[in-house]
Amino acid sequence: KGYFKPKIDPAREPFVIIMPPPNVTGELHLGHALTATMEDLMVRWHRMRGEPTLWLPGIDHAGIAAQVVVEKEMAREGQSRHDLGREGFEKRVWEWMHRYGRTIAEQHKRLGASCDWSRERFTLDEGPSRAVRTTFVHLYEKGLIYRGERIINWCPRCQTALSDLEVDHQDVSGHLYHVRYPLEDGERYITVATTRPETIMGDTAVAVNPKDKRYRGWVGQKVRLPVVDRIIPIIADEAVDFAFGTGAVKITPAHDPVDFEVGQRHGLESVSILNPDATMNRNAGSFEGQDRFVCRENLVAWLREKGLLERVEAHSHAVGHCQRCQTVIEPWASQQWFVKIAPLAAPAMKAVLDGSIRIIPERFTKVYLNWMENIRDWCISRQIWWGHRIPVWYCPRCPEVTVAMDDPTNCAHCGAGDLVRDPDVLDTWFSSGLWPHSTLGWPDPDGDLPYFYPTTVMETGYDILFFWVARMIMMGLENTGRIPFKVVYLHGMVRDEQGDKMSKLRGNVLNPLELIERYGTDALRHSLSTGTSPGNDSRLSHQKIEASRNFANKIWNASRFVVLSFESNPTPLDTGPPAPEDRWILSRLHRQIGQVNQLMEEYQFGEAQRVIHDFLWGEFCDWYIELAKVRLRPGSVGPSPLPVLVGVLEKSLRLLHPFMPFITEEIWQNLRGHLPAGEEMPDSIMIAPYPQADESALDPRAEEEMEAVMDIIRSIRNARAELRLESGSWLEARVFAHRLEPAIATHAGNIEAMARARPLSIMGGQAATSSDNRSLVIVLKESDVVISLEKLDLSRERRRLEKEIEAARGDISRLEAKLDNQAFVSRAPPELVAREREALADHRQRLERLEGRLSPLP
């Protein structure tokens, strides 16, 4: 019906969220479910407040991930992308995307995501693609995009460069190899330590620290490189760590980021020894063609045979792995396209420092700023075929490149034809960095951008604060001159019930679609947002989701009671002055409404949900409905509770709707017909106004009185449980109500019915605090309750308690004797002794409780 489409109102500021685009290759997992739940509850809340609300969905083309998926599919058919050629392969990926690309969008709808699906965007759509090209050309012309040789992270499996953020560093148990490099004169040698001996053939120097006294006189001499017999110098550089290995290190500029910088400072040659698939190239001499790790084994054996391997030590160190395929990455000097990032980072830091952009929780502001201060230039070229092609053309007749918005036919510098386009595509995060403004039509000046940009909230996981959020801030400010969003809300990870990260390897992954089938969407959403707080991880278990389903059932059954009560009372309702419990529940409702709205404003969504849950379950269902049942009995006099029942329930459903949209809509549709005449509501709860607190409804006196009544009922119920009385039996009780006697007296019927107390006497003053064998005295905050035990047949309970007391005393005697035995205490494991002492303390506490329950019995 178009409820999710915002209507532009220049007089009102809109609320806008741009959905973090899930990968086209993906299916809904708990991370997606949490993101969608948090964003949807914000969106529904603001929409119900009457604000023009836009939640714009989208999907990312997932460059490397999508290419890997399609290549695997082709491999099963005996094909590779090279068999099809670039155009054929791109066509194949588009076909795959059209078959499966809608999967995650449809799953989001099933989760209840109230996006404006008519505005859904794909990162390779015409509009976002034009934004990508415009940005590249603009940054190139400004001198912020350049091509150069730098060390990049190379994945031999995906055969492409990766950004630092796409590399997982894992601690592995490896070895430190101490290798002798003979000096040129052949009489001495210098020993270097390395974890990657297979790169020896790429060495162009040996380095020591200039302050290392061990190597005075060595700098300037030359050594003979093993295997390839190349003469290389010994140099001094402060980058060398005294404590690592022997203090002398090999310098391999083509395969190590630190060595690359050393090589730049000393004018060293850069020698690559790897092919793109991580086999050794011709510079590896006799090891050419071997896999890098096979080469390592063979080279170590060769060094040992030649007497050049001094020793091998166990060594644990961090090794980079491709985040997508977990292949060990190779640092590799390569010609790539880079963004000069420092000029973009400065205004992005300022926007956070001056408060233009607020990061929630605030502690991540420092993390963001620390990372931005140490940011390195961004490698944006990827050696794959699926994605945004880099808009650069090379001329066969001159050294200049042509960078253009439209595909050129001639060189912009010499006019020659036959231009060759750069084969690389852009890093997927380049297009994602433009997402908040490219989805709203930038660079076109017209359309939705002026009204909906900057957006309001960017909600995402804290793990991609640098991956994506920082890049959006930098690119948004550069392209539009405005911040992309006002608030960054970071949620945590969903972990299992033990607090462990979910993984298929551990077998602790919960599939949200299976959970929806088993428990319902509302239960899953409720459990995901229960107990959440910004930036903190949360735990999810079947028990937690079951609890949420039980809450849904509680609301459903309470609503059925209200609707059926209306249907069974066809006569006009007595709508006289409200009863005390009516004033109480209305006061509590509006107090909770005020609290919930304040918590929502403060982005404390988990706490807001807890307040709603506790009010609906604890106060409305467990207390007010039960009190209303007393007044709905035949023959009852006074005002009907039905108008209050339906009014409180209806407002509570609107309060809960952003968290549990399906059940609230279903119940609300059945409740609308019972609302008071003249109270008009829209066709759907999702566009009904969110409740606002009415301070005139607050009644502290009614709350105080009702709390005292509830305490009395609870105390008598607890006594019944302690005395193990049958549910149908009655207790004689006297209530000394202190200063609240007149108010509590009006609730005598409710106390009698709900506590099964008869006869019941309510009087002023205080009861004697000592109890005897004929009564049980309970001292409460605002009253004293005296329960008569004279007419109760408690002989069976006395016998049971005496038997339990005897058993408890036996357990205590046994444990005391055991712990008094010094032989046991001195020889038993300390943890066993501690357990026994803890058990003794438990048995003593249990005995005390049992004796306390026995003493008042006659």
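Residues numbered from 1 in each chain as written. Predicted model: local features only at pLDDT ≥ 70, side-chain atom pairs only at ≥ 80, totals over all residues. Heavy atoms only, no water.

Caption draft 1: Examining the packing of aromatic side chains more closely. Inspection of the entire model under this criterion finds 20 aromatic pairs. On the basis of an interplanar angle of 85° and a centroid distance of 6.4 Å, the ring pair of Trp45 and Tyr690 is categorised as edge-to-face. A residue pair is termed long-range when its members are at least 10 positions apart, and Trp45 in helix H1 (residues 30-48) and Tyr690 in the loop between helix H20 (661-671) and helix H21 (700-722) qualify at 645 residues. Judged on exposure class, the residue Trp45 and its partner Tyr690 are both buried. (Phe/Tyr/Trp six-rings, centres within 6.5 Å; stacked < 30°, edge-to-face > 60°. Helix = DSSP H or I, 4+ residues; strand = E, 2+ residues; numbered from the N terminus. Buried < 20%, exposed > 50% of the residue type's maximum accessible area, 1.4 Å probe, protein only.)

Caption draft 2: Molecular detail of the sheet that holds strand S7 (residues 167-182). An order of S8-S7-S13 is seen for the three strands of this open sheet, with the pairing classed as antiparallel. Edge positions in the sheet fall to strand S8 (189-194) and strand S13 (309-322), since each has one partner strand and no second. When strand polarity is set aside, the average angle formed by the axes of neighbouring strands in this sheet is 20°. Here S7 pairs with S13 via 13 bridges, running antiparallel. Each bridged residue has a counterpart across the sheet, and for Asp168 the counterpart in S13 is His321. Helix H7 (residues 292-305) contacts S7 and S13 of the sheet and is inclined by roughly 165° relative to S13. (Pairing = 2+ DSSP bridges. Axes fitted to C-alpha atoms, helices over the stretch in contact; angles between N-to-C directions. Contact = heavy atoms within 4.5 Å.)

Caption draft 3: Focus on the pattern of salt bridges. The tally for this structure, following the rule as stated, stands at 56 salt bridges. Salt-bridge contacts for Glu71 lead to Arg81; the nearest nitrogen and oxygen are separated by 3.0 Å. Here Glu71, found in helix H2 (residues 63-76), pairs with Arg81, found in helix H3 (residues 81-100); they are 10 residues apart in sequence, far enough to count as distant. Note that Asp407 is salt-bridged to Arg133, the shortest N-O span being 2.5 Å. You can see Asp407 sitting in the loop between strand S19 (401-403) and strand S20 (420-421) and its partner Arg133 sitting in helix H5 (residues 126-141), a full 274 residues away along the chain. Classification of Arg133 as buried rests on a relative accessible area of 17%. (Salt bridge = Lys/Arg side-chain N within 4 Å of Asp/Glu carboxyl O.)

Caption draft 4: Just unusual backbone geometry, in detail. Residue Pro443 is bonded to the preceding Trp442 through a cis peptide linkage, with omega at 15°. Mapped onto the elements, Pro443 comes out in the loop between helix H11 (435-438) and helix H12 (449-452). For the bond running from Tyr453 to Pro454, omega is 5°, close enough to zero to count as cis. Residue position: Pro454 is located in the loop between H12 and strand S22 (455-461). The phi dihedral of Val227 is positive, around 75°, even though this residue is not glycine. Mapped onto the fold, Val227 is located in the loop between strand S10 (222-224) and strand S11 (231-236). On the basis of relative accessible area, Val227 is assigned to the partly exposed category, the value being 25%.

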